[in-house]
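One letter stands for each residue in the lines below.
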Amino acid sequence: MCAAQETILARSMPLWTGCRVMTVAPDRDGYTRVRHGGKRFGSHRLAYEAFVGDIPEGFEVHHECGVRCCVNPAHLQALSRDEHRHTHEDVQGMRMSNATRNLWRMA
C-alpha cells in the first residue's frame, strides 16, 4: 500500500451507503482537503490518484455518488471539464453540499 492510500484510509470511514467519507471537516462547499507529503490536496483527487491512477491533464474528478467528501475510488470518475459540467447540468438544481455536510455530521 502506498503512502497516499494510507493517508486516505486513515482519515476516512465507510458508510452504509457505500461511500467512504473523510473524517476531517469539509469546507463550505462540502469538499475535504488532506495534507500529504507537505502539500494540501482535495481528498477526492488524492484518492483517485492513489487508487485509480493519474488524472489526465484538463480532467476533473467527479463524484458519481454526489457526496463531495466521498473518497471511495469506485465512486470517482475522471471527466473532461465539459463532460463534468454537462453531468451537473443533468441534475440541475441539485446541490450536494448540504447532503455532504449532513453525512459528515452523522459519521
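Look up: the structure comes first, before these words.
Residues numbered from 1 in each chain as written. Predicted model: local features only at pLDDT ≥ 70, side-chain atom pairs only at ≥ 80, totals over all residues. Heavy atoms only, no water.

A separate point is the overall build of the protein chain. If you tally the helices and strands in the protein chain, you get 4 helices and 6 strands. Reading the protein chain from its N end, one meets helices and strands in the order α-β-β-β-β-α-β-β-α-α. Buried positions account for 40% of the 107 residues belonging to the protein chain. A separation threshold of at least 6 residues defines the contact pool for the protein chain, and within that pool the share at least 24 residues apart is 51%. Accessible area of the protein chain: about 6500 Å², with a carbon and sulfur share of 48%. (Helix = DSSP H or I, 4+ residues; strand = E, 2+ residues; numbered from the N terminus. Buried < 20%, exposed > 50% of the residue type's maximum accessible area, 1.4 Å probe, protein only. Contact = heavy atoms within 4.5 Å. Areas by Shrake-Rupley, 256 points an atom, 1.4 Å probe, with all protein chains shown as cover.)

The next subject is the pairing of strand β3 (residues 33–36). Across 4 bridges, β3 lies against strand β4 (residues 39–42) in antiparallel orientation. Bridging from a neighbouring strand, arginine 35 pairs with arginine 40 of β4. Hairpin connection between β3 and β4: a loop of 2 residues separates the two successive antiparallel strands, and glycine 37 in this loop has a positive phi of roughly 60°. (Pairing = 2+ DSSP bridges.)

Secondary-structure assignment places glutamate 60 in strand β5 (residues 59–63). Linking glutamate 60 and glutamate 83, residues 23 residues apart in sequence, is a C-alpha distance of 9.2 Å. When residues no more than four places from it in sequence are discounted, the contact partners of glutamate 60 are Arg45, Gln77, Ala78, Leu79, Arg81 and His84. At 2.7 Å, the side chain of glutamate 60 and the side chain of arginine 81 are in polar contact. (Polar contact = N/O pair within 3.5 Å; in protein donor to acceptor, adjacent residues only side chain to side chain.)

The next thing to look at is a nonpolar patch on the surface. A surface patch of nonpolar side chains, amounting to about 370 Å² of accessible area, comprises Met1, Leu9, Phe51 and Val52. You can see valine 52 is positioned in the loop between α2 (43–51) and β5. A residue is classified by how much of its surface remains accessible, and valine 52, at 47% relative accessible area, is partly exposed. (Patch = residues over 30% accessible without salt bridge, like charges linked within 9 Å, V, L, I, M, F, W, Y side chains within 5 Å. Salt bridge = Lys/Arg side-chain N within 4 Å of Asp/Glu carboxyl O.)

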